[in-house]
Amino acid sequence: MHLTGIDLLFWAAGFVAHVVLLLVLWVRHRAATFPFFTLLIANNVIRTVVLYFVVLMGSKHAYLIAYLSLGSLDLIWQLCVVGEMASHVFRPLGNWAPDARVRLAWIVLASIGIGAGLTWLSAIPPAHTLILTILIRGNFFSAVLMTELFAGMVALSVTIRLPWRTHATRITQGLGFYSFVCILIEAGHSYLGIDHNIRISADLTYFRMLTYLICAGYWILMLWLDAPVPKALPKEMEQHLLALQRQVEAYLQRLRTLRG
């Protein structure tokens, strides 16, 4: 396969962005807080290096196989990140918020169903091969699934009035925005096919890369900065929590009395 100058530029920029982001996660001690996100970024570094050498030394078929295999692994890590972000949002005190687990399960099932349905109904690219069809449909399904999951998490957090931790919010915003853009791009690829020799198809790929670089830069900046100091609880919420604390203490006192 032949790489143009702009191809090399995007690949180099993506590699540098991932390395810098890993350094930020490590230096600012965010890796321990977001281990799956850190592993996702590390996987992207390895993926970039592997695909680069496959492009240089392998055939187009070998590249598609490698891209599809590594892309499947990337989707698994992204799903792990979704779970990690959900844990930060819906388990603020170490326990799941009421009804959050059941609602999240419905969001996951609905996201899978919608993603599968839209992927099945998507147009088949012209002059396609089986592996290209799998690749295009897989990318489209991944983009729809991730967008649905992140949108569902945001909607649920608003519904049950749970605050977002700042860094978790920034990671989710970046991945959600990138996934939404990927839906539009992969829809275009579903119609046009993936052919770097077709100008529109190549432009779509470059736009996806540019969008991801913007998201990576956003993560670098936001994760380097300290999270804002949490705002004081509203007076009503504080009184409610104090009342709950008194009830728990009363129940515990009763249990001690019964056991004694």
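Residues numbered from 1 in each chain as written. Predicted model: local features only at pLDDT ≥ 70, side-chain atom pairs only at ≥ 80, totals over all residues. Heavy atoms only, no water.

Asks: So what about the overall build of the protein chain? Which residues, and what values?
Replies: For the protein chain, the helix and strand inventory stands at eight helices and zero strands. Secondary structure of the protein chain in N-to-C order comes out as α-α-α-α-α-α-α-α. A burial count over the protein chain gives 39% of its 260 residues as buried. Considering only residue pairs separated by 6 or more positions, the protein chain has 76% of its internal contacts joining residues 24 or more positions apart. (Helix = DSSP H or I, 4+ residues; strand = E, 2+ residues; numbered from the N terminus. Buried < 20%, exposed > 50% of the residue type's maximum accessible area, 1.4 Å probe, protein only. Contact = heavy atoms within 4.5 Å.)

Asks: Could you give me a rundown of the pattern of salt bridges, with the residues and numbers involved?
Replies: The full count for this structure, using the stated rule, is three salt bridges. Of the charged contacts in the structure, one is a salt bridge between R28 and D226, with a shortest N-O distance of 2.6 Å. Residue R28 is located in the loop between α1 (5–27) and α2 (35–57), and its partner D226 is located in the loop between α7 (199–224) and α8 (235–259); the two are separated by 198 residues in the primary sequence. Owing to a relative accessible area of 24%, R28 belongs among the partly exposed residues under this scheme. Judged by its relative accessible area of 57%, D226 is exposed. R30 is paired through a salt bridge with D226; the nearest N and O atoms lie 3.7 Å apart. Pair noted here: R30 is in the loop between α1 and α2 and D226 is in the loop between α7 and α8, with a separation of 196 residues, a long-range link. Since its relative accessible area comes to 11%, R30 is described here as buried. A single network of salt bridges, built from pairs that share partners, joins R28, R30 and D226. (Salt bridge = Lys/Arg side-chain N within 4 Å of Asp/Glu carboxyl O.)

Asks: Quick rundown of the environment of Y206? Include the residues and the values.
Replies: By the element assignment, Y206 lies in helix α7. Since its relative accessible area comes to 10%, Y206 is described here as buried. Linking Y206 and D7, residues 199 residues apart in sequence, is a C-alpha distance of 8.2 Å.

Asks: Can you tell me about the packing of aromatic side chains, naming the residues and giving the values?
Replies: Summed over all chains, the structure comprises eight aromatic pairs. Here the aromatic rings of F36 and W77 are separated by 6.3 Å at their centres, their planes lie at 40°, and the arrangement is tilted. Here F36 is found in helix α2, whereas its partner W77 is found in helix α3 (residues 60–90), with 41 residues between them in sequence. Judged by centre distance (6.0 Å) and plane angle (35°), the rings of Y63 and Y67 are tilted. Linking Y63 with Y67, this pair stays in helix α3, spanning four residues, or about one helical turn. For the pair Y63 and Y67, one class covers both residues: buried. A connected cluster of aromatic rings, assembled from ring pairs, spans F37, Y178, Y212 and W219. Geometry around W224 places R28 over its ring, the cationic atom sitting 4.9 Å from the centre. Positioned above the aromatic ring of Y67 is the side chain of R47, whose terminal nitrogen or guanidinium carbon lies 5.1 Å from the ring centre. (Phe/Tyr/Trp six-rings, centres within 6.5 Å; stacked < 30°, edge-to-face > 60°. Lys NZ or Arg CZ within 6 Å of the ring centre and 35° of its normal.)

Asks: Pulling in residues and values, what's your account of unusual backbone geometry?
Replies: If you check the backbone angles, H29 has positive phi at about 60° while not being a glycine. Checked against the element boundaries, H29 lands in the loop between α1 and α2.

Asks: An account of α3 is needed here, citing residue identities and associated values.
Replies: Over its 31 residues, α3 runs 44 Å from end to end, which matches the ideal 45 Å to within 8%, given 1.5 Å per residue. Measuring from the backbone nitrogen of A62 back to the side-chain oxygen at the start of α3 gives 3.2 Å, which picks out S59 as the cap. (Expected span 1.5 Å × (residues − 1). Polar contact = N/O pair within 3.5 Å; in protein donor to acceptor, adjacent residues only side chain to side chain.)

Asks: Could you give me a rundown of α2, with the residues and numbers involved?
Replies: Between its terminal C-alpha atoms α2 stretches 33 Å, which fits the 33 Å expected from 23 residues at 1.5 Å a residue. Listed as buried for α2 are F37, T38, L40, I41, N43, N44, V45, R47, T48, L51, V54 and V55.

Asks: Let's hear about the nonpolar core: which residues, and what values?
Replies: Here is a general trend for soluble globular proteins: nonpolar side chains tend to be buried in one another's company. One finds F37, M153, I171, W219 and L223 to be the most contacted residues of the largest nonpolar core, which totals 38 residues. In terms of residue count, helix α5 (residues 130–159) provides more of this core than any other element does, nine residues in total. Residue contacts for L223: discarding those within four places in its chain leaves L21, V24, L25, R28, R30, F37, H167 and I171. Membership of the second largest hydrophobic core comes to 14 residues, among which are L51, L64, A66 and M209. (Core = buried A, V, L, I, M, F, W, Y, C linked by side-chain atoms within 4.5 Å.)

Functional significance is not addressed by these values, which are geometric in nature.
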